[in-house]
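These are the residues of each chain, in order.
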Amino acid sequence: MVAFGVLGPVTAWRDGVELALKGPRHRAVLARLIIARGRVVPVDSLVADLWTVPPDGATSAVRTFVAALRRALEPDRPPRSKPTLLITDGPGYALKATDVDAWRFEQLMARQPTLEELQEALDWWRGPAYAEFADAPWAHAERSKLAELRLTAIERQAEAQLALGLAADAVPTLDAHVAEHPWREDAWRLLALALYRSDRQGDALAVLRNARTLLIQQLGIDPTPALQQLETDILNQSEHLNPQAAGQVWAKATAAYDRAVASTARARLESTVGLLRNLAVTGGTGLEAAREHRLAAITAAEELGDPELTARVIGLYDVPAIWTRSDDQQQADAIVAASERALTAATQPAARARLLATVAIESRGSNSTRALAAAQEAVELARQLEDPALLAFALNGLFMQTFYRAGLAPERDQIGAELITLASRHDLTTYEVLGHLIRVQARSALQDFATADTHAAAADALAAKRELPLVAVFTTLYRAMRAGDEAAYQLVDASSMPGLVADLQQATPQTEPRNDLLLEAHWCQLAKTAIEQGDQPTMRRALDVLTPAAGQLAAGSGLVNLGPIDQYLEELKAHVQNDKPTPT
């Protein structure tokens, strides 16, 4: 496995050992290909990027540089075998890298990283990004983007330290940060606040005076109202400036809970599920942790022999789900089995509705008639009970089961619209976000990108307000689909969302596609392959499957768009042979 480093001098490592890259132009070619993020860079472009006035033989020189890089990157490749990392494609070259420190850094910053993750990520930096190519025009945009991300990471690190009551730890880094980047007002604010919370009120006020002087003299602007208000609040020693850190509040509350609730109490299991439910929407690491401990909580409840407790432990985990492939299929199957066992003893309608909705959600993509019936029954029970939160959960299960055939985008659009109305009326923010994301997908399939754009923006606004970082994965990739930016797909965190990553990385399916968000897209891929291979049975099957989706786009995932389904139907009709005997 080859890893690449660009947060500093451009280099590469194989199994932790740094590879020898011959000279600056070899490294320039490598850097240029990394910036392309897997896209082909024509040889002519490489020549223009390497030389202001290309010398005679520049094209041959580029080919020589590429050959040298291939030897360095794949030293064990047999002679005359095709390279797999730095490939030739049409008029140029592409680097099929997967491990680049800058990409990992971007991926981390796209979610809500912990303090430890931020500290580790900042340690990846060995100098300015693409350090030796500071003057290269082709590197300017990438260098600027990464530099801005690094400054943001430093400030987010300080915010995390302040939230955890580590104000004094934040001061040295922020002090150096504002000295080097005096135009960043948020950095001045954080430094002043850190000083104040470290019982250095005079230093905090001095920092704000320095900020005002520098902003006026160097930039000709007054400090923002927020910075001015902070100075007033420090002078008045306002109570809100030094609240108990979130970490301290949490520690006191959990300590009190440990003292008050016996370690064997059934209430602990229900409290654990409530914690996991909240943890699941906080970002990648939280989702991983929730997934890891959820089944253990269900198993513990079953071992206590209390069917009602088991039903509550299963049903309390009403976390909205948007993607139709499970992140852990084995775990999902175990939860479905536990839910079915609990249903045999559950008599209360609300408990039954929650268990049925759980069966529907955890059976996503399974093509199960039982799961569809469970979803429909859950919705019916929730409507009868007039419980908004329960109905939202049940509608999520019904959404997961609206893939039993192609062309069901209008039905999903209706579910999304109902969720938005229901959730906004009853302050169910996570389900309101889910409704907007469902409508992004459905309107994409219905070729109504203007409306989809509106719902993507609404989802982002709600996510920012309620700190739901995973929403940005879907809205960012939706906009990447709209812009044709394939590079964005490399930033999805495979560890926290393996089901999504597996679907996005899947090439043309070799077996009949699953009934999920990529149903139409995968059948279009399969139809194309069948036409190329003259596979009549598969072509006929694809024609049958895709016909109900006529007039739609193969874009129902909101992340991938394979174009109008009508085009595939026309091609299939033109190639499918009529097997009926010709009359004599």
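Before going further, it helps to spend a moment on the packing of aromatic side chains. Applying the stated criterion across every chain, the model contains five aromatic pairs. With 5.4 Å between their ring centres and 45° between their planes, phenylalanine 133 and tryptophan 138 make a pair best called tilted. Just as phenylalanine 133 is buried, tryptophan 138 falls in that class too. Its guanidinium or amino end placed over the ring of tryptophan 124, arginine 104 lies 4.6 Å from that ring's centre, counting from NZ or CZ. Looking at arginine 150, its charged tip hangs above the ring of tryptophan 125, at a distance of 5.7 Å from the centre.

Secondary-structure assignment places arginine 294 in helix α13 (residues 284-303). Side-chain polar atoms of arginine 294 contact the side chain of glutamate 362, separated by 2.8 Å. The contacts of arginine 294, once residues within four sequence positions are left out, are Leu276, Ile314, Tyr317, Ile335, Thr358 and Glu362.

Now for the packing of helix α6 (residues 137-163) against helix α7 (residues 167-180). Packing of α6 against α7 brings their axes to within 8 Å, and their N-to-C directions diverge by 160°. In terms of axis orientation, α6 runs roughly antiparallel to α7. Relative to α7, the crossing made by α6 is left-handed. Of the residues in α7, those touching α6 at Leu151, Ile154, Glu155, Gln157, Ala158, Gln161 and Leu162 are Ala167, Asp169, Ala170, Thr173, Leu174 and His177. For the contact of α6 with α7, the class distribution of residues is seven nonpolar, four polar and two charged.

Quick look at the nonpolar core now. Of all hydrophobic cores here, the largest spans 71 residues; its most connected members are Val313, Leu395, Phe399, Leu419, Tyr431 and Phe474. For this core, the element with the most residues is helix α18 (residues 388-400), which contributes nine residues. Here phenylalanine 399 is in contact with Ala321, Ile322, Arg412, Ile415, Ile438, Gln441 and Leu517, once residues within four sequence places are set aside. If you look at the next biggest cluster of nonpolar residues, it comprises 53 residues, including Phe4, Val62, Val66 and Leu118.

In this section: the sheet that holds strand β4 (residues 41-42). Sheets are built from strands paired through backbone hydrogen bonds, the pairs being either parallel or antiparallel. Read from one edge to the other, the open sheet built from three strands follows the order β4-β6-β5, with strand pairing classed as antiparallel. Across the chains shown, the open sheet's two edge strands, defined by having one partner strand only, are β4 and β5 (86-89). The sheet contact formed by β4 and strand β6 (residues 92-95) spans two bridges and is antiparallel. What sits directly across from valine 41, in β6, is tyrosine 93. Of the strands in this sheet, β4, β5 and β6 touch helix α1 (residues 24-35), which is tilted by about 70° from β6. Sitting on the sheet, helix α3 (residues 58-73) touches β5 and β6, and the angle it makes with β5 is about 140°.

So, how was this worked out
- Residues numbered from 1 in each chain as written.
- Predicted model: local features only at pLDDT ≥ 70, side-chain atom pairs only at ≥ 80, totals over all residues.
- Heavy atoms only, no water.
- Phe/Tyr/Trp six-rings, centres within 6.5 Å; stacked < 30°, edge-to-face > 60°.
- Buried < 20%, exposed > 50% of the residue type's maximum accessible area, 1.4 Å probe, protein only.
- Lys NZ or Arg CZ within 6 Å of the ring centre and 35° of its normal.
- Helix = DSSP H or I, 4+ residues; strand = E, 2+ residues; numbered from the N terminus.
- Polar contact = N/O pair within 3.5 Å; in protein donor to acceptor, adjacent residues only side chain to side chain.
- Contact = heavy atoms within 4.5 Å.
- Axes fitted to C-alpha atoms, helices over the stretch in contact; angles between N-to-C directions.
- Parallel < 35°, antiparallel > 145°, perpendicular 65-115°, else oblique.
- Left-handed = near helix turned anticlockwise from the far one by under 90°.
- Nonpolar A, V, L, I, M, F, W, Y, C, P; charged D, E, K, R; others polar.
- Core = buried A, V, L, I, M, F, W, Y, C linked by side-chain atoms within 4.5 Å.
- Pairing = 2+ DSSP bridges.

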